[in-house]
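# Per-entry structural report
Residues per chain are reported as follows:
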Amino acid sequence: MTIDLAQTIANEAPAPVVRTRGVLRRSLRLWRTRIGLAITVALVLVAIFGPYFAPHDPSALLGRPYQVPSPGLPLGADYLGQDVLSRFLYGGRSILLVSVISTVLGVGGGVLIGLWAALSKGWVDNALLRGTDILLAFPQILLALIVIATVGPKTWLIVLTVALTTLPRTVRVIRGAATSVVEREFVDAARANGDSQLRIALVEVLPNVIGALGVETTFRLTYAVQLIAALAFLGFAANPNEPNWGTMVSQNSSALTLQPNAPLVPAVAIALLTVGVGLVGDGIARAAAGIDRGTS
Amino acid sequence: TGSGPSTTPSGPASGNPAPTSVPGSSGPSGTPKRGGKLSVAVEGNGLKDIMDAQNDLAKIDQARAVTGWEPLLEFDRDFKLSTTGLAESVEADGRLGYVIKLRKGVEFHNGKTLTADDAVYSLQRLTDPKLGLDGGTGLLSADPKNIKKIDTYTVRLGLKRPDVTIPFGLASYTATMVPEGYKNTGKSWQDGQVGTGPFRLTSFSPGQRSEHERFANYRLSGKPYLDNVTILDIDDPNARMNALISGQVQAIADVPYTQTNVITQQPSLVLFNNAGGGWLTLCMRIDQAPFTDVRVRQAFRLIVDRNQMLQNALGGFGRVANDLYAPFDPAYLQVPQREQDLEKAKSLLRAAGHENLTIDLQTSEVAAGLNAMCQVFAQQAKGAGVTVNVKVMDSTTFNNGFQKWTFSPDFWGTRNYLPQVAQGSLKGAPYNETYWPPKGSNFASLYQQALAEQDAGKQTDIIHEMMREEFDTGGYIIPFFDNLVDAYSNKVGGFQKNRGTLNLDYYGRHFADVYLV
Amino acid sequence: MTKNSPSLRLSRRLRPRGLAGLVAVRIALAVLTLVVVSIIVFASTQLLPGNAAKAKLGKQATRASLTALEKQLGLDQSAFHQYVHFVGGLLRGDPGNSLTSGQPIMADLTPRLANSAFLVLVAAAISIPLSLLIGSVAAVRRDGILDEISSFLQRVLASIPEFVIGLALIALFATSVLQVFPAVSIIPPGSPPWSNLDAIWLPALTLVLVVTPNIALIMRAAMIEVLESDYIESARLTGVPERRIVVRHALPNALAPAFQVIALNLAYLAGGVIVVESVFSYTGVGVAMRDAVLNRDFPTAQVVTMIIAGVYVVTNLAADIGTILVTPRLRTRLA
Amino acid sequence: MSAADDGGRAVRVEGLRIEVAASGHDIVTDVSFEIGRGQVLALVGESGSGKTTAALALLAHERRGVRIAGGRVTVGGVDMFALDKRGRRDARGKLVSYVPQDPGTALNPARRIGAHLIEALEVHDWGGSDQRRRERVAEMMREVSLPDDPEFLRRYPHQLSGGQQQRVCIAMAFACQPAVVVLDEPTTGLDVTTQAHVLATIRRITSAEGAAALYVSHDLSVVSSLADRVAVMYAGRLVEQGSAETIFTAAAHPYTRQLIAAVPRIEVARSLAAIPGRAPSPGSRPPGCPFEPRCAIRIAECRERLPEAAVVGPGHTARCLRIAESKATLATTTPAPIVAGADHAEGIVRVGGLRAYYGDSEVVHDVTFAVARRECLALVGESGSGKTTVSRCVAGLHDGWDGTVTLHDAELPRSARHRTRAMKRDIQYIFQNPYGSLNPRRTVGQSVARPLALLGEDRRTVRKQVAGILERVSLPPQYAAKYPDELSGGERQRVAIARALVCRPKVLLCDEVTSALDVSVQAAIVTLLRELQEDLGLSILFVTHNLPLVRSIAQRVAVMQDGRIVEAGSVDQVLERPEHDYTRRLLADAPRLSDADPAPDPRAVS
Ligand SMILES: Nc1ncnc2c1ncn2[C@@H]1O[C@H](COP(=O)(O)OP(=O)(O)OP(=O)(O)O)[C@@H](O)[C@H]1O
Ligand SMILES: Nc1ncnc2c1ncn2[C@@H]1O[C@H](COP(=O)(O)OP(=O)(O)OP(=O)(O)O)[C@@H](O)[C@H]1O
Ligand SMILES: [Mg+2]
Ligand SMILES: [Mg+2]
């Protein structure tokens with residue numbers, strides 16, 4: 001047993017619990033949130049509906065490798081002679097799906113464990129924190145590499161790995177945000193009523209850490225996208241010929257000067273997606289901080 | 001005694017597909033100049049890099065071996081045997097032996113003179129089955145117990161069975177001569193890594209680099225021109241390109257096929273494109289469904305649009321092939337080019353009961369263009385109603401499954417027909433991926449006949465019969481012969497085009513011909 | 001009704017006191033973490049389909065050679081015995097031979113470690129003071145135009161994958177636009193990393209661009225929280241000059257949260273080098289790790305993992321101790 | 001800053017107006033007052049009335065989002081608003097200094113006490129030499145009754161108690177011998193004993209240093225022993241000003257009078273008069289008299305025009321049109337019999353031999369008491385004496401305890417988790433802080449309905465009962481849809497009480513339920529609890545450190561010190577004839593309102 005530094009620091013300056021009702025709405029008033037949301041929505045739309053607008057089969061061989069744009073191939077061809085535009089339109093789905101699923105899994109699990117730790121305190125809390133410490137000792141990419149080295153690059157494995165690297169960070173953030181909430185008396189009131197631990201966690205505490213959760217989710221999502229893209233870049237993608245923004249960057253990264261569209265379009269898409277989501281997170285963070293400070 | 005076919009210089013096989021001419025491959029002119037240091041980046045194998053004069057696993061190991069060591073015979077620029085190596089002559093001595101006369105006055109880096117003792121040791125080491133050296137793969141018929149010194153400069157190489165391809169084996173770039181007692185002890189390369197080549201190895205770090213220093217007493221006077229050569233292991237082709245562009249190295253092996261324009265756009269760089277005899281192939285295991293049915297194999301060969309595959313997988317840097325290998329062999333079989341015929345493919349598949357076939361194609365980018373070739377094939381197969389799932393994996397997994405995959409690609413270097421059959425198309429051949437020949441075939445006995453046949457004309461007939469069988473029913477889909485595409489700075493001279501087996505003109509013929517301008 | 005058993009109370013009383021005691025506890029926990037990490041790392045190989053011997057022999061595996069190699073690698077022993085052997089090797093600094101090269105792992109890794117450590121330290125030495133400065137300035141001028149722009153840019157930078165940054169830097173400074181820095185970081189073996197400074201600029205710059213925004217954003221938030229606090233307002237109302245308030249009053253209180261983030265980012269750097277080193281072909285542990293994974297060189301991958309985990313644990317330990325030292329409440333509680 | 005022509009005044013505030021920067025709504029409107037040298041002016045008013053905002057204007061300081069929009073503040077002859085940035089900085093701490101409300105957060109946790117004190121002198125270059133400054137620090141430490149040894153000065157703030165921290169802040173404020181010191185509720189966070197010490201310190205140091213003081217407080221009884229003059233603030237305006245004696249004995253404004261009437265008296269049991277309604281927030285203040293909506297004696301005119309400050313007596317002004325009526329009809333004290341018929345025979349809750357632990361330290365030792373039906377037992381004692389711990393043990397919220405707690409003779413399991421539904425229903429707990437005890441994310445209705453839902457009631461019954469119980473605590477039914485942040489503190493505490501009452505408990509545990517509230521709101525809550533006790537026959541354990549309040553609510557009282565009950569008995573007996581020293585000390589330290597006209601003065605009407 002030892003003192004927990006994070007907790008002590010948190011206790012030292014007890015941040016007023018954010019009046020979370022309105023954090024999200026208030027964040028929408030910030031220009032950065034709006035820009036972020038616009039970017040994110042645009043890219044999500046591209047990812048979801050892109051395939052319906054793709055002019056070609058994404059794996060059809062339509063030109064010479066790295067053919068420069070022409071009327072038939074508005075963004076030119078990639079390393080294999082496939083249409084960059086069609087592959088771009090198809091390529092958002094899987095990266096979005098994989099990163100969203102793994103983020104949901106990781107953040108979901110992290111929220112449950114984080115709340116559990118905050119509510120339990122004592123040795124349970126300590127044990128859970130140690131557990132996250134152990135997971136954190138493997139940097140994200142390293143953990144992913146170890147798992148891939150063991151089993152090979154499978155989609156479900158990448159999802160689980162990214163979720164697993166997301167989890168401990170979420171645990172820490174949520175636990176940190178929740179420690180000041182669980183000290184509040186309405187939690188005691190619920191306990192005195194005989195509410196179950198799970199209900200207290202989900203109904204009483206969780207809504208009060210929505211601000212932190214919102215920020216955390218957006219950040220984790222950007223890291224998930226980055227991690228998946230980085231794995232693809234290092235050559236660990238589940239199915240390299242499936243159109244996917246991450247693999248597109250790595251497969252075509254050499255054509256930066258020859259046919260810049262091929263690597264740049266997906267790279268910019270990834271960057272915009274993460275920047276968009278990140279800006280939304282930043283907006284939420286600022287709105288929450290603004291409410292904390294009593295300003296808007 | 002008649003000389004073996006290999007020592008008989010013969011012209012290029014008449015029907016060979018002509019190498020595509022590629023612009024931008026003219027080197028700088030000028031006379032060679034002494035001095036300077038050359039850095040060359042070659043694709044390596046990371047920590048798997050080895051230093052053994054008679055063995056190689058990756059291209060970078062080749063580069064190192066040829067820099068410091070030489071074989072008895074050599075291939076000339078037309079892929080014909082020449083006696084410019086360490087042997088003055090290699091003569092057949094009956095059906096079961098060759099007599100090798102060593103060049104006199106050849107000095108090792110440590111000052112010792114090359115003698116028959118060294119040659120006997122070298123040949124015994126090469127043919128030691130326990131060592132499994134690459135340099136020995138062309139000497140499988142040799143009898144290790146029957147390698148004898150005749151005098152100080154003469155050695156007799158006895159054979160277990162008649163084999164006229166032995167001189168080819170002796171010309172392999174890894175069939176080098178090492179001093180007696182040579183060992184690849186790994187740690188103590190400083191003491192033992194001694195050869196007769198133009199450069200002496202001075203340092204070696206696996207996965208990183210090796211340093212080579214000019215050997216002043218090299219047997220060709222005036223050569224080499226360079227003082228030092230550094231061979232860098234840069235695995236990532238983009239990084240190699242970047243290193244060349246930013247001037248960190250002066251030459252690189254293997255420019256990615258799709259990126260040659262990057263080189264040609266730079267006035268200071270030279271693209272060095274060599275039409276070699278190497279080939280990429282898709283291997284169908286004829287002993288496994290669905291390829292047990294010859295009609296499926298035939299259908300798959302008809303699926304391929306070879307030209308499109310060449311353009312899209314190799315960016316055009318190669319020549320369309322006809323499901324046959326050994327293009328530089330004088331006996332190469334001339335048959336009409338096989339073209340894509342999806343209708344015929346479909347009807348063959350229907351007949352074989354494999355309509356709407358779905359099959360996995362396991363691949364890994366163990367050679368440039370393999371994955372692309374597989375993906376192009378998958379795309380083309382759609383036209384015949386065949387679903388090909390390309391499974392890309394890391395090289396280790398892929399290599400671990402070598403010879404286990406039902407359908408997978410592979411790559412081969414330049415060889416003549418019979419040596420190639422010995423490597424990959426016989427039962428018991430070390431790299432037989434297609435499990436050729438089929439039951440009931442007389443392919444193996446034809447091979448034995450051809451090996452023993454000293455009459456070139458008769459041998460050609462036998463070879464044609466073998467090639468015909470492979471062309472009709474074989475397990476290889478050979479869409480093209482790939483070119484070796486390298487690049488160097490225009491400050492470097494001395495690289496010359498050849499039909500060679502190795503990059504950068506055999507690494508500038510041991511880097512002896514290369515100079516800085 | 002005896003709620004508190006005597007043994008429990010006794011154990012509480014045995015809790016170590018004093019700074020040394022706390023540091024001892026922290027170190028013990030760090031060691032414990034490393035032990036668990038080592039068990040996980042070791043266990044991961046046991047999960048492998050096929051073992052290390054098979055991975056090594058690959059193409060040429062035959063039954064006999066496999067058994068022989070298994071014996072040589074100790075794979076025929078019990079898992080526990082193998083684990084003890086594994087940890088023993090790590091502790092002795094001789095964790096065995098690489099499966100790919102057959103050479104001692106540390107022979108290859110030691111110079112790489114020096115290179116990577118130098119790269120990370122250079123990146124840290126630039127990014128930590130820089131980010132603390134940017135974060136503090138942004139907090140002091142918060143919501144001003146400077147702050148808005150700088151935090152927007154930082155958010156954007158923090159969101160771009162590191163390999164994209166690396167590739168962009170290569171295009172910008174080494175190949176396409178300018179050719180002022182080398183694109184590939186070639187460090188001759190045997191020479192210390194600082195003798196090849198030009199090889200380090202671009203990778204270090206990449207790491208700096210990746211890490212700085214993370215620390216700066218947290219520093220900004222921590223600093224704002226401190227600047228909003230009552231004691232800062234009190235100091236203002238006592239007439240303390242603003243500069244002094246920022247430097248003497250606010251900064252020490254913002255450092256504790258910053259330490260934690262710095263530790264996390266240093267640990268990130270240790271992992272992030274895998275990608276960045278790959279982009280620049282930098283001869284470091286990151287590339288060694290990537291190759292080890294590609295080649296299924298488990299012993300090497302295990303050692304690199306243990307090293308990086310060790311870096312994480314040590315930086316965290318340092319951050320914890322640093323936090324204690326800058327937080328009087330914690331420091332004096334122990335006195 | 002020689003005060004040449006300030007006519008003996010240390011501070012002069014004229015027409016001060018402060019607004020919310022974003023909206024332009026006034027927080028403080030047209031505030032004028034003066035403080036003579038060496039004088040203490042108390043600025044009183046309920047929460048949100050603008051006291052802090054106005055007080056900080058003396059230092060020309062605007063809090064974030066707030067703007068000083070008009071008026072003049074002269075301190076020691078210096079026009080504070082005319083100063084530039086640097087001038088203000090020089091003035092702060094030297095000419096006018098500030099003692100914040102919460103010393104716990106006002107001292108930098110990373111800096112030593114000595115550094116704080118030295119810096120306060122150093123930034124103004126006070127004394128000229130370090131030696132001189134060190135002497136001054138030692139002198140100040142003695143003046144605030146703290147040790148002046150270097151060891152103590154090397155301590156960090158968290159190593160001091162709340163009272164010590166506040167005394168450090170006071171020492172800092174007086175260190176440079178300012179003309180005026182602004183003290184913003186400096187004792188609110190402290191228990192009575194500490195509060196008494198700090199008040200004494202302030203009294204002593206103001207006269208010793210000859211400084212004027214502006215003392216901000218919402219607690220009239222605290223102010224009565226300290227202030228020379230009192231200014232009453234309501235909704236951003238000063239509604240009444242006068243000498244302390246006048247205000248406490250002859251207040252003119254209805255608000256002041258009702259405020260005084262809401263203060264519990266230790267001497268006499270009385271029902272506390274609450275002021276109905278709530279104070280308007282900035283932006284929703286009426287154009288007429290701001291107190292009009294809540295005023296018992298309002299007339300139509302009150303709504304139309306803002307009353308001017310009328311002179312009532314020497315140095316006594318009030319902003320009211322109905323001063324005479326106010327004095328005639330509004331009593332400031334209402335003695336009333338409050339001792340109800342507690343059923344002493346029936347001990348519903350019995351606590352026997354209770355020992356409670358935190359970790360390995362025992363903080364409650366062998367506590368025994370019982371609460372009968374329809375009885376209110378007050379548990380009093382200074383901070384840290386274990387009051388909360390005892391009540392949490394009874395409620396099952398703290399499970400580190402030995403001993404017995406019985407309800408209707410049935411022994412209760414230690415933790416609420418192991419208690420039956422009926423047990424949980426019968427004992428309900430109301431928390432100290434109404435801001436913390438309601439989940440900000442759940443509506444009032446949801447919060448109140450939760451205990452019922454747990455008892456398995458169906459939807460419709462639940463809804464009916466919620467509406468009923470809200471009415472019982474005087475909240476309109478539509479409040480069920482509101483979120484806590486839309487409610488005032490008093491309303492929240494009513495919701496908390498409603499939640500506790502909704503499942504008809506037998507026993508209510510109230511932990512300092514009024515300490516976070518203004519006196520006028522406290523009066524309303526106490527009245528409500530008393531009614532409930534009467535009507536429903538509830539037993540109440542009322543934890544408080546406010547002794548006067550005990551008089552107004554409890555029948556019996558138990559005094560706790562260091563985890564033990566040192567004295568127990570009927571309220572009258574314990575408060576009037578205390579037997580234990582500790583009780584006597586508590587009584588002596590309790591602030592008293594220097595009383596007050598017992599009945600309306602008939603002469604004032606004429
Ligand atoms: N930055 C701000 N923006 C908007 N309104 C504010 C701001 N600061 C204070 N107010 C409002 O001004 C009013 C007066 O606040 P102030 O803190 O001066 O009251 P107070 O009398 O000191 O109250 P308390 O007794 O609770 O300390 C309150 O209604 C508050 O909501
Ligand atoms: N969570 C805790 N952990 C350890 N000790 C505690 C804890 N809570 C309270 N204590 C200690 O228990 C003792 C009794 O505290 P308790 O809160 O019951 O006092 P109280 O009389 O309610 O005080 P207050 O008037 O300040 O509310 C105190 O000495 C306190 O320091
Ligand atoms: Mg206030
Ligand atoms: Mg209490």
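Structure report, in brief. Here the structure is a predicted model, which is why all the values come from computation and not from measurement.

The next point concerns the overall build of chain C. Along the backbone of chain C there are 14 helices and zero strands. For chain C, with 335 residues in total, the buried portion stands at 55%. Residue pairs at least 24 apart in sequence account for 72% of intrachain contacts in chain C once pairs closer than 6 positions are excluded. As displayed, chain C has an accessible area near 14,000 Å², and 68% of this comes from carbon and sulfur atoms.

Moving on: the site of ligand 2. All names here are of chain D. With respect to spatial proximity, the complete set of residues near ligand 2 consists of Tyr 358, Val 363, Glu 382, Ser 383, Gly 384, Ser 385, Gly 386, Lys 387, Thr 388, Thr 389 and Glu 512. Ser 383 is positioned such that a nitrogen or oxygen atom in its side chain is 2.5 Å from an oxygen atom of ligand 2. Backbone polar atom of Gly 384 to an oxygen atom of ligand 2: 2.8 Å apart, as the coordinates give it. Notes on ligand 2: free accessible area 630 Å², of which the protein chains cover 58%. For the shell around ligand 2, the class distribution of residues is two nonpolar, six polar and three charged.

Residues and elements named next belong to chain B. Under the criterion given, the structure shown has 34 aromatic pairs over all chains. Seen from their ring centres, Phe 300 and Phe 407 are 5.5 Å apart, and the 65 degrees between their planes marks the pair as edge-to-face. Taken together, the positions of Phe 300 in helix α7 (residues 294-303) and Phe 407 in strand β16 (residues 407-412) put the pair 107 residues apart, joining distant regions of the chain. There is no split in this pair, since Phe 300 and Phe 407 are both buried.

All names here are of chain D. Residues in contact with ligand 1 amount to 16 residues; listed here are only the nearest, Ser 47, Lys 51, Thr 52, Thr 53 and Arg 64. Between ligand 1 and Ser 49, the relevant distance is 3.3 Å, taken from an oxygen atom to a main-chain nitrogen or oxygen of the residue. Take Thr 53: an N or O atom from its side chain is 2.3 Å from an oxygen atom of ligand 1. Taken together, the residues of the shell around ligand 1 sort by class into four nonpolar, seven polar and five charged.

On to the sheet that holds strand β12 (residues 316-318) of chain D. Residue and element names in this part refer to chain D. With mixed pairing, eight strands are arranged side by side in an open sheet as β6-β7-β8-β3-β9-β10-β12-β11. Two strands lie at the open edges of the sheet, namely β6 (96-99) and β11 (310-313), each paired on one side alone. If you compare each strand with its neighbour and ignore which way they point, the axes differ by 20 degrees on average. Direction of pairing for β6 relative to strand β7 (residues 180-184): parallel, over a ladder of four bridges. When the bridges of β7 are listed, Val 96 appears paired with Val 180. The sheet strands contacting helix α11 (residues 254-261) are β9 (229-234) and β10 (237-243), and the helix crosses β9 at an angle near 105 degrees.

Bringing unusual backbone geometry into the picture now. Residue and element names in this part refer to chain B. With an omega of 0 degrees, the peptide bond running from Ala 289 to Pro 290 counts as cis. Relative to the helices and strands, Pro 290 resides in the loop between β12 (269-284) and α7. Backbone torsion omega between Trp 436 and Pro 437 reads -5 degrees, so that peptide bond is classified as cis. With respect to the helices and strands, the residue Pro 437 is situated in the loop between α12 (417-424) and α13 (443-452). Of note in this structure, Phe 511 is not a glycine but carries a positive phi near 60 degrees.

What counts, and at which threshold
Residues numbered from 1 in each chain as written. Chains lettered and ligands numbered in written order. Predicted model: local features only at pLDDT ≥ 70, side-chain atom pairs only at ≥ 80, totals over all residues. Heavy atoms only, no water. Helix = DSSP H or I, 4+ residues; strand = E, 2+ residues; numbered from the N terminus. Buried < 20%, exposed > 50% of the residue type's maximum accessible area, 1.4 Å probe, protein only. Contact = heavy atoms within 4.5 Å. Areas by Shrake-Rupley, 256 points an atom, 1.4 Å probe, with all protein chains shown as cover. Near = heavy atom within 4 Å. Polar contact = N/O pair within 3.5 Å; in protein donor to acceptor, adjacent residues only side chain to side chain. Nonpolar A, V, L, I, M, F, W, Y, C, P; charged D, E, K, R; others polar. Phe/Tyr/Trp six-rings, centres within 6.5 Å; stacked < 30°, edge-to-face > 60°. Pairing = 2+ DSSP bridges. Axes fitted to C-alpha atoms, helices over the stretch in contact; angles between N-to-C directions.

All quantities given are derived from atomic positions and should not be read as evidence of function.
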